[in-house]
Amino acid sequence: MTPLRPSDFPGATAFVPAEATWAQLTHASQECRGCDLYLEATQTVFGEGPVPARLALVGEQPGDREDVAGEPFVGPAGRLLDRALEKAGTAREEVYVTNVVKHFRFTRPRGKQRIHKSPARWQVAACEPWLVAELSRVQPHVVVVLGATAGQAVFGPAFRVGTSRGTVVPWPQDRLPLADAPVCIPTAHPSSVLRSRQRDEDLAALVSDLQVAVAALDA
Ligand code: URA
Ligand code: SF4
């Protein structure tokens, strides 16, 4: 059998219902076959939280725990994120949380353990219609963009976390048009904070960027 290629997959557009309730939208996301990632993952992990919400967080893709639970940011990175949000003066329950890619991509280098593998650019592009559909309904005023993969998905391939983190930047309407354009605050990914050898400093920097986001809610 010839291996499947990106061009064998149609992208998510055809799976996103145009006029749908929120429940219909999340249900439809479970049926998505827009790229190859649905083949190996357990389930679609759609965004979660209040709809509408003033603040939205956008991560990379579900991890191992999220894939099993069907919910975003419920593993170790999610716990760190919850703590950071609290320190920044808000709470997870008030925030809409999602990822630019809705299925877990992983490798199995040995045995059963599944090791996270960042999504390819074509997989991020394939999944983009879900991000636009959810943010169109969530209508956030402020979007926090977590890490390089999410940043490149939103702002394009030239994006780097280091140059823009903690600053308020406009939503890229030319790339991803939304009826009510939010502002964005790029920051590091909570998983990179978990892996860091200077975890306290990096957590403080994440909290500080989230404080910029919370302040921007009232700007
Ligand atoms: N990392 C992410 O980017 N998203 C999750 O949901 C969990 C870990
Ligand atoms: Fe669809 Fe996105 Fe999953 Fe690919 S990753 S199958 S585009 S929901």
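Bear in mind the structure is a predicted one, so any value in this text is a computation, not a measurement. (Residues numbered from 1 in each chain as written. Chains lettered and ligands numbered in written order. Predicted model: local features only at pLDDT ≥ 70, side-chain atom pairs only at ≥ 80, totals over all residues. Heavy atoms only, no water.)

S.K.: Please explain the pairing of strand 2 (residues 95–99) as it appears in this structure.
M.R.: Each regular strand carries side chains that alternate between the two faces of the sheet. With respect to burial, strand 2 is a largely interior element, five of its five residues being buried. Side chains of strand 2 alternate between two faces, with Val95, Val97 and Asn99 and Tyr96 and Thr98 buried alike. Judged from the five bridges that link them, strand 1 (residues 55–59) and strand 2 form a sheet pairing that is parallel. Residue pairing for strand 2: alanine 56 is matched across the bridge by tyrosine 96. (Buried < 20%, exposed > 50% of the residue type's maximum accessible area, 1.4 Å probe, protein only. Helix = DSSP H or I, 4+ residues; strand = E, 2+ residues; numbered from the N terminus. Pairing = 2+ DSSP bridges.)

S.K.: What is the right way to look at the side chain of histidine 189 in this model?
M.R.: Mapped onto the elements, histidine 189 comes out in the loop between strand 7 (183–187) and helix 7 (190–195). With sequence-adjacent residues up to four places away left out, histidine 189 is seen in contact with Gly59, Glu60, Phe73, Leu146 and Gly147. (Contact = heavy atoms within 4.5 Å.)

S.K.: Even after reading the chapter, I still don't get the environment of leucine 85, so can you show me in this structure?
M.R.: You can see leucine 85 is positioned in helix 3 (residues 76–87). The exposure class assigned to leucine 85 is buried, which follows from its relative accessible area of 0%. Taking the C-alpha atoms as reference points, leucine 85 and valine 207, 122 residues apart in sequence, are found 6.9 Å from one another. Leave out the neighbours within four places in its chain, and leucine 85 touches Leu57, Thr90, Arg92, Val95 and Leu210.

S.K.: How do you make sense of the packing of helix 1 (residues 22–29) against helix 4 (residues 121–138) when you look at a structure like this?
M.R.: Packed helices, taken two at a time, are described by their axes: the angle between them and the distance between them. Put simply, helix 1 and helix 4 touch, their axes get as near as 12 Å, and they point 165 degrees apart. Judged on the interaxial angle alone, helix 4 and helix 1 are roughly antiparallel. Handedness of the helix 1/helix 4 crossing: left-handed. Along the contact surface, helix 1 presents Trp22, Leu25, Ala28 and Ser29, while helix 4 presents Trp130, Ala133, Glu134, Arg137 and Val138. Its residues placed into classes, the contact of helix 1 with helix 4 shows six nonpolar, one polar and two charged. (Axes fitted to C-alpha atoms, helices over the stretch in contact; angles between N-to-C directions. Parallel < 35°, antiparallel > 145°, perpendicular 65-115°, else oblique. Left-handed = near helix turned anticlockwise from the far one by under 90°. Nonpolar A, V, L, I, M, F, W, Y, C, P; charged D, E, K, R; others polar.)

S.K.: Which parts of the structure should I look at to understand the pattern of salt bridges?
M.R.: Counted under the stated rule, the structure contains six salt bridges. Of the charged contacts in the structure, one is a salt bridge between aspartate 82 and arginine 92, with a shortest N-O distance of 2.9 Å. Highlighted residues: aspartate 82 in helix 3 and arginine 92 in the loop between helix 3 and strand 2, separated in sequence by ten residues. Residue classification places arginine 92 among the buried residues on the basis of a relative accessible area of 15%. With a closest N to O distance of 2.8 Å, arginine 165 and aspartate 209 form a salt bridge. Placement of the pair is arginine 165 in the loop between helix 6 (161–164) and strand 6 (169–170) and aspartate 209 in helix 8 (residues 199–216), with a sequence separation of 44 residues. The class for aspartate 209 is buried, based on a relative accessible area of 7%. (Salt bridge = Lys/Arg side-chain N within 4 Å of Asp/Glu carboxyl O.)

S.K.: Can you walk me through the site of ligand 1 in this structure?
M.R.: In the region of ligand 1, the neighbouring residues are Gly59, Glu60, Gln61, Pro62, Gly63, Glu66, Pro72, Phe73, Asn99 and His189. Within the backbone of glutamine 61, one N or O atom sits 2.9 Å away from a nitrogen atom of ligand 1. A distance of 2.6 Å separates an oxygen atom of ligand 1 from a polar side-chain atom of histidine 189. Coverage of ligand 1 by the protein amounts to 94% of the 240 Å² it exposes when considered alone. (Near = heavy atom within 4 Å. Polar contact = N/O pair within 3.5 Å; in protein donor to acceptor, adjacent residues only side chain to side chain. Areas by Shrake-Rupley, 256 points an atom, 1.4 Å probe, with all protein chains shown as cover.)

S.K.: Explain the nonpolar core here, please?
M.R.: Nonpolar side chains in soluble globular proteins tend to end up buried together. If you look at the biggest cluster of nonpolar residues, it comprises 31 residues, and the most contacted ones within it are Val100, Trp130 and Trp171. Contributions of two or more residues to this core are made by helix 1, strand 1, helix 4, strand 5 (142–146) and helix 5 (147–155). Counting residues per element, this core draws most heavily on helix 4, at eight residues. Non-local contacts of valine 100, meaning those with residues more than four positions away in its chain, are made with Val58, Gly59, Glu60, Val124, Cys127, Leu131, Thr149, Ala150 and Ala153. Counting residues in hydrophobic clusters, the runner-up holds 23 residues, among them Ala88, Val144, Leu146 and Leu210. (Core = buried A, V, L, I, M, F, W, Y, C linked by side-chain atoms within 4.5 Å.)

S.K.: Got a minute to help me understand the pairing of strand 5 in this structure?
M.R.: Of all five residues making up strand 5, five are buried, and the element is well covered by its neighbours. In strand 5, alternate side chains face the same way, and those of Val142, Val144 and Leu146 on one face and Val143 and Val145 on the other are all buried. In this sheet, strand 5 lies alongside strand 1 in parallel orientation, the contact comprising four bridges. The residue bridging leucine 55 from the neighbouring strand is valine 142, located in strand 5. Pairing between strand 5 and strand 7: five bridges, direction parallel. Its bridge partner being in strand 7, leucine 146 is matched across the sheet by threonine 187.

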